[in-house]
Amino acid sequence: METVKAYGASSATSDLEMMHIDRRDLTGNDVQIDILYCGVCHSDIHTARSEWGPASYPVVPGHEIVGKVIATGPGVTAFKEGDLVGVGCMVDSCRECSACREGLEQYCENGAVMTYGGKDKHLGGHTFGGYSQNIVVDEAFVVRVPENLDIARVAPLLCAGITTWSPLRHWNVKKGDKVGVIGLGGLGHMGIKLAHALGAYVVMITRSMDKAEDAKALGADEVLLSTDEKAMQKHANSFDFLMNTIPVGHDLNPYISLMKRDTTMAIVGAIEPLKSVHGGMLVSKRKNIAGSMIGGIEETQEMLDFCGEHNILPDVEMIDMQNINEAWERVVRADVKYRFVIDMKSLQ
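Residues numbered from 1 in each chain as written. Predicted model: local features only at pLDDT ≥ 70, side-chain atom pairs only at ≥ 80, totals over all residues. Heavy atoms only, no water.

When its secondary structure is counted, the protein shows eleven helices and 17 strands. Counting only C-alpha atoms and orienting by the principal axes, one finds that the protein spans roughly 60 × 40 × 35 Å. Residues counted as buried form 56% of the 348 residues belonging to the protein. A separation threshold of at least 6 residues defines the contact pool for the protein, and within that pool the share at least 24 residues apart is 67%. In the structure as shown, the protein presents an accessible area of about 15,100 Å², 48% of it carried by carbon and sulfur atoms. Of the side-chain charges in the protein, 33 are positive and 46 negative, and the distance between the mean point of each set is 8 Å. (Helix = DSSP H or I, 4+ residues; strand = E, 2+ residues; numbered from the N terminus. Buried < 20%, exposed > 50% of the residue type's maximum accessible area, 1.4 Å probe, protein only. Contact = heavy atoms within 4.5 Å. Areas by Shrake-Rupley, 256 points an atom, 1.4 Å probe, with all protein chains shown as cover. Lys, Arg positive; Asp, Glu negative; His and termini not counted. Charge placed at Lys NZ, Arg CZ, Asp CG, Glu CD.)

Dropping the structure here:
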């Protein structure tokens, strides 16, 4: 084992602080990665503060990881030392269930092993994430980063990017479709960029016109104020797909009215109870409300390759590791456009 520096929380109420964690020795199919950049996701905060249920402490968050391969196990064939790679929200799965066999490891029927807070099959205990100097991951859960992309901005693609790409692909969003992206934050801004690059007519749906200029700069063709009843009525029954990135429980009914017959609104933001839905609004035009999370490894690689081809990157603010507690408070206040990325050389 190797002991490395990391930042983590020792309880639900403590600040993140420097600590040391163990990384396993390389097994046959393992890749050791020197972490260069790690994105900050609101999920990091929810987990460390036990807001999604009791966490296993210490929590070392971070599931948007970009780095360089520094060592490989003897059985590794896909990567070599020096390769630029990424690790997202998962580091393993059962690989045997129907979901895994279909490349949908995120829906592993026996439970995917998450990058932090998951069951560590090798060392026991729980997994530690990317707020650390390096990480050891099975090559099957490592993706290749296109070399033309600015690596300082790539990390959030490993969560925010794939979370918005997966539903766009699953519901076959294509050129000419009218797509609504509800909510402009870390997820919403990537949803706009990706839907725009797919050739869709993109409408940013928001409660505040203060975000209109930003939305159009990101690629939105139009901005719809959800509190404007006349504007909402004008767009009724006209959308081919809605991506709902609102991170908290809310009323879905106003958005259902925007959907065409036989179309879907995919929930990607709220992982908590939602307010009651009027069944008649669904029944009358056979509308669908669905959920979607991250994608599998193959789909994540597809997303990265697409971003490389179209030079799509998140808008980020770079921070040093020592400023993580302040950054977390700003995330909670939605005071970031639109994702923090940690420059991990600050941890050396």
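By the burial criterion, the buried members of helix 11 (residues 324-332) are Ile 324, Ala 327, Trp 328, Arg 330 and Val 331. Looking straight down helix 11, one finds its buried side chains confined to an arc of 160 degrees; they lie on one side. For helix 11, the secondary structure elements touched by its buried residues are strand 1 (2-8), strand 3 (30-40), helix 1 (42-48), strand 16 (316-320) and strand 17 (339-343). Just beyond helix 11, the residue with positive phi is Ala 334, at close to 60 degrees. (Arc of directions from axis to C-beta.)

In terms of burial, strand 11 (residues 201-206) is largely enclosed, as five of its six residues are buried. Two strands pair when backbone bridges link them, and strand 10 (residues 178-182) and strand 11 are joined in this way by five bridges, in the parallel orientation. Counterpart to Val 179 in the pairing with strand 11 is Val 202. Handedness of the strand 10-helix 5 (residues 186-197)-strand 11 crossover: right-handed. Alignment of strand 11 against strand 12 (residues 222-225), held across four bridges, turns out to be parallel. For Met 204, the partnering residue across the bridge sits in strand 12 and is Val 223. Handedness of the crossover is the feature at issue here: the chain leaves strand 11, passes through helix 6 (residues 212-218), returns alongside strand 12, and the resulting connection is right-handed. (Pairing = 2+ DSSP bridges. Right-handed = clockwise from strand over helix to strand, strands pointing away.)

Attention shifts here to a nonpolar patch on the surface. Together, Leu 104, Tyr 107 and Met 293 line one region of the surface with nonpolar side chains, adding up to about 230 Å² of accessible area. For Met 293, a relative accessible area of 33% translates into the label partly exposed. (Patch = residues over 30% accessible without salt bridge, like charges linked within 9 Å, V, L, I, M, F, W, Y side chains within 5 Å. Salt bridge = Lys/Arg side-chain N within 4 Å of Asp/Glu carboxyl O.)

We now examine the environment of Asn 172. Residue placement: Asn 172 occurs in the loop between helix 4 (160-170) and strand 10. A relative accessible area of 52% means that Asn 172 is categorised as exposed. Separated by 69 residues in the primary sequence, Asn 172 and Phe 241 place their C-alpha atoms 9.3 Å from one another.

Another point: unusual backbone geometry. The omega angle of the peptide bond from Tyr 57 to Pro 58 is 0 degrees, so this bond is cis rather than trans. Note on placement: Pro 58 falls in the loop between helix 1 and strand 4 (65-72). Looking along the chain, the bond that leaves Lys 337 and enters Tyr 338 is cis, with omega of -10 degrees. You can see Tyr 338 is positioned in the loop between helix 11 and strand 17. Despite not being glycine, Ser 50 has its phi angle at roughly 55 degrees, a positive value. Residue placement: Ser 50 occurs in the loop between helix 1 and strand 4.

Core analysis: the largest hydrophobic core is formed by 95 residues, its most contacted members being Tyr 131, Val 154, Leu 157, Ile 192 and Ile 324. With near-sequence residues (within four places) excluded, Leu 157 lies in contact with Leu 149, Ile 162, Met 190, Met 303, Leu 304, Cys 307, Ile 312, Leu 313 and Pro 314. Listed in part, the 16 residues of the second largest apolar core include Met 232, Leu 242, Leu 252 and Ile 267. (Core = buried A, V, L, I, M, F, W, Y, C linked by side-chain atoms within 4.5 Å.)

Two numbers describe how helix 4 lies on helix 5: the axes approach to 8 Å, and their chain directions differ by 50 degrees. Between helix 4 and helix 5, the interaxial angle falls into the category oblique. Along this stretch, helix 4 crosses helix 5, giving a crossing that reads as right-handed. Between helix 4 and helix 5, the residues in contact are Ala 160, Gly 161, Thr 163, Thr 164, Trp 165 and Leu 168 and Gly 186, Leu 187, Met 190, Gly 191, Leu 194 and Ala 195, respectively. A class-by-class count of the residues in the contact of helix 4 with helix 5 yields seven nonpolar, five polar and no charged. (Axes fitted to C-alpha atoms, helices over the stretch in contact; angles between N-to-C directions. Parallel < 35°, antiparallel > 145°, perpendicular 65-115°, else oblique. Left-handed = near helix turned anticlockwise from the far one by under 90°. Nonpolar A, V, L, I, M, F, W, Y, C, P; charged D, E, K, R; others polar.)

Let us now look at the sheet that holds strand 14 (residues 259-267). The sheet built from six strands is open, its strands ordered 12-11-10-13-14-15 with parallel pairing. Each end of this open sheet is capped by a strand with a single partner; those strands are strand 12 and strand 15 (288-291). Direction aside, the axes of adjacent strands within the sheet are offset by 25 degrees on average. For strand 14 and strand 15, the ladder comprises four bridges, and the chain directions are parallel. Pairing of Ile 267 across the sheet is with Gly 291, part of strand 15. The strands touched by helix 4 are strand 13 (239-244) and strand 14; relative to strand 13, the strand with the most contacts, the crossing angle is about 155 degrees.

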